[in-house]
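Listed below are the residues making up each chain.
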Amino acid sequence: MDIDRKLDPTVAREGLTLLFRSGVEEAEALLAKNSGTNAQIDCALAYIKVVQCLLSWETDAMDAAMEFLKQVESRCSASESMLPNLSSSKSTQQLLLLRVIGGDCQLLRALLTFTKLTIAGYVRGGLLLRSASKVYKKIYKELDRLDSQTPVNDTAGEGGPGMYSSVRAACSLGFGIVNLAMSLMPDKALSLMKFFGFTGERQAGLDALAFSSTSEDMRAPVAMLSLAWFHGIGRPLLGIDVREGYTDAIDRAQRIIKQAQTEYGDAPIFSYFKGRTAYLTNDTEEAMVAFKGAATHPSAIKEMSQLCMYEMGFINVINRDFGSAVPLFEKLCQETRWSPGFYGYLAACEFLPSIPVDRTVFLKSCVWSL
């Protein structure tokens, strides 16, 4: 098959856009029809599979996704040997795109390996992350070299800047995630990584993600999602650059979410982040509306709905609306595989204030008798 068709990003971008607008099933169905014939489509499908795994944590799904990533990486390596004369700028672009996809596969394999939560898993995941980082850095270095050799006024020719900007956009997501992830590691873990010659620069990662999020590359929505998480959840949670409060983090997150909703409508994931930023500004009413919209959206997957129910439950607790909080925690207790006992405990705690005092004393005596 012609290498241009193997690297055509049109369907891949459509699939990832569909993921946010219509849900996992429709996006996966679109991409699966052409899987194995287009490296970009395989890469997009890999992102969807990994997202599903990180939400569900199902062992069989993780094993299948890991095997799929290995197959995609292998096909990319095979495609590299089919490229014609690499003195051509077009062939150089194709080679670099294939290497970006190979790096993405290693990055996604690292994420899945980390979920094993074992020392061996951390070591293997770290080595995969280091390997992916080397791929991205090598591509960036090559792009800088190519750009320096391109005449400033040569924008339409075969070697013009536009020829390689698509490669830089494709590489920026992985490069940004690796640098950002490394910069957020605890000091002890970071010291170990530095021992292996592996470092990360937060600002370089954020700049790369910002570039990717505004590009035409299929990875743009994933980069946008990464930035929304960092500013809307990561910075407040980890206390990064919040000496003067959360204002800057919230403002940045809100701009990203507004841009995302312009492109992807009321996508559940971005509605969730909208609710989180509203919660940080103490606007619990707007937060509740956003979480409810995300939880009941037709394209919302079960895990996303459960995450929103958790947030809604705690907002009801803050508002002392215990009667509304109980059914949410009860439903989580019945449906989720993660800490059902914790949700049952929360439901019981919120149920107690609505019980008459004499009944509460009776229940307390019953508990102590167990």
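Residues numbered from 1 in each chain as written. Predicted model: local features only at pLDDT ≥ 70, side-chain atom pairs only at ≥ 80, totals over all residues. Heavy atoms only, no water.

Moving on to the packing of aromatic side chains. A complete count under the given rule lists eight aromatic pairs for this structure. Seen from their ring centres, phenylalanine 20 and tyrosine 264 are 5.6 Å apart, and the 40° between their planes marks the pair as tilted. Taken as a pair, phenylalanine 20 in helix 2 (residues 10–22) and tyrosine 264 in helix 12 (residues 247–264) lie far apart in primary sequence, 244 residues in all. A single burial state applies to phenylalanine 20 and to tyrosine 264, both of which are buried. Summarising the aromatic geometry, the rings of phenylalanine 20 and phenylalanine 270 are spaced 5.5 Å apart at their centres and angled 35° between planes, so their arrangement reads as tilted. One end of the pair, phenylalanine 20, is in helix 2; the other, phenylalanine 270, is in helix 13 (residues 268–280), with 250 residues separating them in the sequence. (Phe/Tyr/Trp six-rings, centres within 6.5 Å; stacked < 30°, edge-to-face > 60°. Helix = DSSP H or I, 4+ residues; strand = E, 2+ residues; numbered from the N terminus. Buried < 20%, exposed > 50% of the residue type's maximum accessible area, 1.4 Å probe, protein only.)

Further remarks concern helix 13. Here helix 13 is 13 residues long and its end C-alpha atoms lie 19 Å apart, about the 18 Å a rise of 1.5 Å per residue gives. Taken across its 13 residues, helix 13 has ten buried, putting it largely inside the fold. The set of residues buried in helix 13 consists of Pro268, Phe270, Ser271, Tyr272, Phe273, Gly275, Arg276, Thr277, Ala278 and Leu280. The positive-phi residue at the C-terminal boundary of helix 13 is asparagine 282, with phi of around 65°. (Expected span 1.5 Å × (residues − 1).)

Counting through the fold element by element, threonine 37 comes out in the loop between helix 3 (24–32) and helix 4 (39–56). Judged by relative accessible area, which is 33%, threonine 37 ranks as partly exposed. As a C-alpha pair, threonine 37 and arginine 75 span 38 residues in sequence and 9.7 Å in three-dimensional space.

To continue, consider the packing of helix 14 (residues 284–295) against helix 15 (residues 302–318). Where helix 14 meets helix 15, the axes come as close as 9 Å, and the angle between the chain directions of the two elements is 155°. Classified by the angle between their axes, helix 14 and helix 15 sit roughly antiparallel to one another. Crossing of helix 14 over helix 15 shows left-handed handedness. Of the residues in helix 15, those in contact with Thr284, Ala287, Met288, Phe291, Lys292, Ala294 and Ala295 of helix 14 are Ser305, Cys308, Glu311, Met312, Ile315 and Asn316. Tallied by class, the residues present in the contact of helix 14 with helix 15 amount to eight nonpolar, three polar and two charged. (Axes fitted to C-alpha atoms, helices over the stretch in contact; angles between N-to-C directions. Parallel < 35°, antiparallel > 145°, perpendicular 65-115°, else oblique. Left-handed = near helix turned anticlockwise from the far one by under 90°. Contact = heavy atoms within 4.5 Å. Nonpolar A, V, L, I, M, F, W, Y, C, P; charged D, E, K, R; others polar.)

Right, let's talk about the side chain of arginine 168 for a bit. In this fold, arginine 168 is placed in helix 8 (residues 161–183). Since its relative accessible area comes to 17%, arginine 168 is described here as buried.

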